[in-house]
Structures are given as C-alpha cells and as structure tokens.
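Single-letter residue listing:
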Protein chains: 2
Amino acid sequence: MSAASVQIVEVAPRDGLQNEARPLSTAAKLELIRRAVAAGARRVEITGFARPDVVPALADADEVAAATAALPGVQTSALVLNPRGYERARAAGVTAVNMVVLASETFSQRNQRMSVAQALDGAARIRERAGADGVHVAITVGASFGCPFEGEIPLPALRSVLQQVAAIGPDEISLADTIGVGTPADVRARFALLAELAPDVPRRAHFHDTRNTGVANAVAAVEAGVAALDASLGGIGGCPFAPAATGNVATEDLVYCFGRMGVDTGFELAPLLADARWLLDSLGRESGSALSRAGCFPESLLADPVRDSA
Amino acid sequence: MSAASVQIVEVAPRDGLQNEARPLSTAAKLELIRRAVAAGARRVEITGFARPDVVPALADADEVAAATAALPGVQTSALVLNPRGYERARAAGVTAVNMVVLASETFSQRNQRMSVAQALDGAARIRERAGADGVHVAITVGASFGCPFEGEIPLPALRSVLQQVAAIGPDEISLADTIGVGTPADVRARFALLAELAPDVPRRAHFHDTRNTGVANAVAAVEAGVAALDASLGGIGGCPFAPAATGNVATEDLVYCFGRMGVDTGFELAPLLADARWLLDSLGRESGSALSRAGCFPESLLADPVRDSA
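Keep in mind the model is a prediction, meaning the values are calculated, not measured.

Conventions used here
Residues numbered from 1 in each chain as written. Chains lettered and ligands numbered in written order. Predicted model: local features only at pLDDT ≥ 70, side-chain atom pairs only at ≥ 80, totals over all residues. Heavy atoms only, no water. Helix = DSSP H or I, 4+ residues; strand = E, 2+ residues; numbered from the N terminus. Rg over C-alpha atoms; globule rule 2.2 N^0.38 Å. Contact = heavy atoms within 4.5 Å. Areas by Shrake-Rupley, 256 points an atom, 1.4 Å probe, with all protein chains shown as cover. Least-squares fit on C-alpha atoms with pLDDT ≥ 70 in both. Core = buried A, V, L, I, M, F, W, Y, C linked by side-chain atoms within 4.5 Å. Buried < 20%, exposed > 50% of the residue type's maximum accessible area, 1.4 Å probe, protein only. Pairing = 2+ DSSP bridges. Axes fitted to C-alpha atoms, helices over the stretch in contact; angles between N-to-C directions. Phe/Tyr/Trp six-rings, centres within 6.5 Å; stacked < 30°, edge-to-face > 60°. Lys NZ or Arg CZ within 6 Å of the ring centre and 35° of its normal. Buried area = accessible area lost by both parts, 1.4 Å probe. Salt bridge = Lys/Arg side-chain N within 4 Å of Asp/Glu carboxyl O. pLDDT = per-residue confidence, 0-100.

**Things to note about the overall build of chain A**
Next up, step 1: Per the secondary structure count, chain A includes twelve helices and eight strands.
Next up, step 2: At 18 Å, chain A has a C-alpha radius of gyration in line with the 19 Å of a compact globule built from 310 residues.
Next up, step 3: Projecting the C-alpha coordinates of chain A onto the three principal axes gives extents of approximately 50 × 45 × 35 Å.
Next up, step 4: Looking at chain A alone, contacts between residues at least 24 apart form 74% of all its contacts between residues at least 6 apart.
Next up, step 5: A total accessible area of about 10,600 Å² is found for chain A, and carbon and sulfur atoms account for 51% of it.

Here's what the structure looks like:
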C-alpha cells in the first residue's frame, strides 16, 4: 500500500437517498450532511438536479444545495444531468458538479433517456460553461464494469468512451461499477486504461457492494493510484434503473478497513457509526454495512490506529 | 495476480454447522458434502470431533466421517481437538486432520479449555501419531488477526506461536481471522511472517466476513502465495466462543470473484448457487453470501470465464 491517504466522497445524500423507499425530509437531509461533515467528510455529493417526476427523492435539490453548497473546508458537489440542471445548481451556489456518461448505449437510453453521444455532447457544453464559472467538473463513467442490459463492457468499448470523456477535459474522471460486478482484476485493468488515456486527471471510483467485492475493489483502486472513492453512510442506495444494484459500498466499512491499513480517510469511526444508526433508523431499513452491525475492533483503534510492527 | 488457481476448502459441514441455531440431520450433512463435491469441491472439512455436550451440532461426527472419509479425488479432513478426537477420527477412516492452536492465551482457555502450551503439546503428540499413520496434518492458528478478549495480537506474539507450530512439522499451516477483524495489510504482514518461519509448508487462510473484509483478505492472501482458503457455502457459520463472529466468507462469493479474476477454484458457480439455496432453506436462515442474493453476472460466465483484453 503506497497511498498515505484516500479521499472518501460521501454520496449518501444523492446516490444513497435516490433509491430508498422512504423519503427523507429536507431537514433530515441537511442533518445528514451536517453529521457527515462533523464525522470528517471533506467531500460530499449533496444532491442531484433531476426532473422531480423522474427522481422524486431529489425534488428538493435547490433547497438542499442552497443550504449546503458553501460549507467551510468541504467540497460539496451536485449531480447534474443536463445544462438545465447545471443552471439550477449554479443558481443554488454549487461550485462543483458531477456528470454521468454511461459506458453502455442501452443503459444510457434507459437511464438517461439519451444516447451516449448526446450525453457526451451535454457534458462538453456544461464543461465549457463551468470553465467560465470556475466550477469543478467531475465526469462519472457509469456501468464501466458491466451493464445490466448488455452484459460485459469490453475494454475496447470502454476505451472509446474514456477517450471521448478525456477530450472534454474534466477535472476528475470516475469509473463506476454501477451494478456491482467488478473484481480487483477489473479495477486494475480499467484504471490502468484510464491512467493511460488521461494521465494527469485525478481518478475516482464508485463501487456497489452487490457481489461482496466492494471493499476488495476499493483497496485495489487505492493501490492503483485512485485518489477518491464514493461511499454511502450505512451502505444505503443503489440505482433505480439497475435491477440488480444494491447499495453503495458503506463509508464506515471503508473507513474501518483503510484505517487499519494505515491509509488516512479523515473520518472518525465512532461518530460515523452513530450517524449510520441514525440514518438507518430514519429510513426504517436494515444496515447495508458490516461495521454498523459488527462494531469496530478494538475500541481503542477508533481514535488512534496503532499498527503492529514485526 | 500471479496465482493460476486456489484451493477452496469447503468448511460448511464443520465450522459452518457448528454455530447454526437449527441442527442439520446426519442425512442432510451427507447431502451437503455430496453437493459440494458435485459442484467442484476437492477439499472438504467434513466434521469435527468434539465433546457432544460442548458442540452438539457435531455429535454425529463418527457417522458423518465414516460415510465420507473416502471420497474419490477429494481430500476430506476432520477437525480434531485432542488425541482422543484423533483416535475417533482414525476409527472412522479419516486420513486428514485439522487442529487448532490459538494465538491468544485467553481465547485458548475459553475456547479450548486449555493453555496455548497444552494445545501445542497435544498437537505435537497427534502429529507424531499421524506421521506413523500416514495422515495429513493441518494446524490452524486461530485468532491470528485479533482476539475478542485480548484485542490486538501483536506480530511478535504471533511470531512466537508460529515458531512453535512450525516446530511441530505440520503438512499445512493456516492463519485464521476467527473474529473477522483483519485487512489486506494484516494479511500480507502475517502471511509474510509465516512464510519466513515455515517457507516450505503450504499456507492456508480462514476468513470471516464480519467486517466486510473477507473477499479483500482472500484476494490479498492468494496474491501473497496462500494456496488454500476456507469458505462456507451460503456464508454460514461462525464460532460459538467468539461473541462478534459472523459466518465464514462464502464459497460462492470467492468462486465468483476469483472466477472473474482468472484464478481457477475448480467450482462451478451455477450448481453452487442452487446448493446454497438448498442449505439456507434447510437451516431456515437468510443468506450470508452476496452471490446467492444478487446472482451471477453475466450468466455466460458461469461455465466459461472470458477475460477482457485491452
């Protein structure tokens, strides 16, 4: 493990809540963001600007963003799906945006109701405006590890999409395993490809723990030079358009694993576990994380990890 | 990933069933072993010889062992806790045994009702008899990654136990994360220590998925040269003496992950998922594996993994 630290992007307020059966009030969303930051989050995806009839859970995006877009010491970003979403985000004071381009044509049609080419074109136009506005732009390449409709996404197909994404010139590129099928070998191959095509652009990864490879993939990603990982408190979330998707890899599971590996995440585990409990109770659902069920080990590690020495 | 293959030791019949609330009939245990072998298992821990009043789930060990100790092409092993258990195993026709020595004095007293020194002495006596009998001897060092009573097991303490285990001269040494607290960094450090102390002895690992690190640890172990991994169908099991322990890492989760990584396990995933469903239904419990909930991806991979090429 060469990395001394990894950024964790807390995405429970956006990807997490987007797929939960029980909606969270706007006040509870603000409390969720407040708690994440208090536990150590330095990057939070606070909401997404989608059509309220398509994603009702994020209908209060303008209000949530206006209240949390400017938190001291925290990069708060919002998902935007098109230029109109970008304008809403800007009006709310957002200074960092995340866009999604799918690596699968079928998934793009079903999820975003547009072709991959249209998504790339929209991303390029937003990138241009964001450049003028001084807004940080991340592009997430969804279904990079497999598609629920097309099955395998071969590396040459991913290469083609990544070349077009890189040409847009984003500040960060993320590869998302939207349906949770990847393994560490896939992570290494796909991030090596990204590093080849966009060597100077910070890399980010987004894993779902659907097939129990989320933590293994996160470790492989960090060891492959990935700088940031998306995660959701309590392991909540998923994707309403991906039939087999379960939650994001849980923030507390990553914080535990990396903490014991000597990789700094900036988070404190003890408050995080309390926050996960609060969130899961608020949503009336079971935990999607192992740590919130099993607890930490040993308690003294929570504050001050001490590593063994031979 | 340098390894082309990894042995998976199916331990559901022993470690798995040992901690399940609902007992399985002897006939169902034989069916479990038959199914595991049909799905590709080449190593199975068929039972354990313990006092029936202490581990009632394994009270039929003599009968199970007599029926399954000699399966063509399969190494069937049994857990033995003392010379009397060894004699029972031999009487049933067992030709491979697994013994446990704890890396924690407190855990040894509570779990085995003997000191670590006494456990080492018993293992040495069994090793001697097994040598004369031509029986394969594995020694598992339990709580190698942490203890529920003592907390951290520092590497120097583990070194001392491993030196004594190596001096006994077993055919295989396993490090067990009995309570599921380890991370890939721990796996690398501890197996490097074992390789240093017993370079010529095949290494084996035993992980519990309690804190969501089971698959990550398995991948790290194989990449560190570990030849065999314990796993339980359906992720069943645990340890009645380890309060926070949950099930073993699930066989089907490992078969999926390694299969997509191009590491041969010998198992077919499709029958394994059906077997997991049968076992979980028989036990009346929820799945402890991700694959048996989410299903494979894509179905064509079940029989013939095809890897991407850039």
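**Things to note about the relation of the copies chain B and chain A**
Next up, step 1: Here chain B sits on chain A after a turn of 180° about the axis and a move of 0.0 Å along it, with an RMSD of 0.0 Å. In short, the pair behaves as if placed about a two-fold rotation axis. The rotation axis passes nearest to the C-alpha of A216 of chain B in chain B, at a distance of 2.0 Å.
Next up, step 2: The residues that chain B uses at the interface reappear at the interface of chain A in 100% of cases, marking a shared surface.

**Topic: the nonpolar core**
Next up, step 1: Counting residues in each nonpolar core, the largest one holds 193 residues, and the members touching the most others are F207 and L229 of chain A together with L229 of chain B.
Next up, step 2: Leave out the neighbours within four places in its chain, and F207 of chain A touches F145, D177, V187, F191, G214, N217, A218, A221, L229, N248 and V249 of chain A.

**A look at the sheet that holds strand β1 (residues 7-10) of chain A**
All names here are of chain A.
Next up, step 1: Strand order in the closed barrel formed by eight strands is β1-β2-β3-β4-β5-β6-β7-β8, with parallel pairing between adjacent strands. Across the sheet, the mean angle separating the axes of adjacent strands is 30° when strand polarity is ignored.
Next up, step 2: Looking at chain direction, β1 and strand β2 (residues 43-49) are connected through two bridges and run parallel. The residue bridging V9 from the neighbouring strand is R43, located in β2.
Next up, step 3: Against the sheet, helix α8 (residues 184-197) contacts β6 (172-177) and β7 (203-207), and its axis sits at roughly 150° relative to β7.

**Some thoughts on the packing of aromatic side chains**
All names here are of chain A.
Next up, step 1: What the rule picks out here adds up to four aromatic pairs over all chains.
Next up, step 2: Centre to centre, the rings of F145 and F207 are 6.0 Å apart; their planes meet at 65°, and the pair counts as edge-to-face. Taken as a pair, F145 in the loop between β5 (136-142) and α7 (155-168) and F207 in strand β7 lie far apart in primary sequence, 62 residues in all.
Next up, step 3: A relative accessible area of 1% means that F145 is categorised as buried.
Next up, step 4: The ring of F149 carries R110 above its face, with NZ or CZ at 4.3 Å from the centroid.

**Quick notes on the interface of chain B and chain A**
Next up, step 1: Contact residues are listed per partner, giving 44 residues for chain B and 44 residues for chain A.
Next up, step 2: Carbon and sulfur atoms make up 55% of the surface buried where chain B meets chain A, a total of about 3,400 Å² over both sides.
Next up, step 3: Summed over the shared surface of chain B and chain A, the number is six salt bridges.
Next up, step 4: Linking E152 of chain B and R260 of chain A is a salt bridge whose minimum nitrogen-to-oxygen distance equals 2.9 Å.

**A word on the side chain of S174 of chain A**
Next up, step 1: Relative to the assigned elements, S174 of chain A resides in strand β6.
Next up, step 2: Discounting residues that sit within four places of it in the chain, S174 of chain A has contacts with I139, T140, V141, R204, A205 and H206 of chain A.

**Overview of the confidence of the model for chain A**
Next up, step 1: On average, chain A scores 92 in pLDDT, and the residues at 70 or more come to 93%.
Next up, step 2: For the stretch residues 300-310 of chain A, pLDDT sits under 50, and the model shows 19 contacts to residues farther than four places along the chain or on other chains.

**Describing the sheet that holds strand β2 (residues 43-49) of chain B**
All names here are of chain B.
Next up, step 1: Reading around the circumference, β1-β2-β3-β4-β5-β6-β7-β8 is the order of the eight strands in this closed barrel, with parallel pairing throughout. Ignoring strand direction, the axes of neighbouring strands in this sheet form an average angle of 30°.
Next up, step 2: Here β2 runs beside strand β3 (residues 75-80); their pairing, made up of six bridges, is parallel. When the sheet's bridge partners are listed, E45 is paired in β3 with S77.
Next up, step 3: With respect to the sheet, helix α10 (residues 251-260) is in contact with β1 (7-10) and β8 (228-231), its orientation differing from that of β8 by roughly 140°.

**Quick notes on the pairing of β1 of chain A**
Next up, step 1: Pairing analysis gives four bridges linking β1 of chain A to strand β8 (residues 228-231) of chain A, with the strands arranged parallel. Of the residues in β8 of chain A, the one forming a bridge with V9 of chain A is D230 of chain A.

**Considering the pattern of salt bridges**
Next up, step 1: Applying the stated criterion across every chain yields a total of 44 salt bridges over all chains.
Next up, step 2: Notably, a salt bridge pairs D15 of chain B with R14 of chain B, separated by 3.6 Å at the nearest N-O pair. Note on accessibility: D15 of chain B and R14 of chain B belong to one class, buried.
Next up, step 3: Put simply, R14, D15, R43, E45, E172, R204 and D230 of chain A are held in one network by salt bridges that share partners.

**Considerations on the environment of A205 of chain A**
Next up, step 1: Positionally, A205 of chain A belongs in strand β7.
Next up, step 2: For the pair A205 of chain A and E286 of chain A, spaced 81 residues apart in the sequence, the C-alpha separation amounts to 25 Å.

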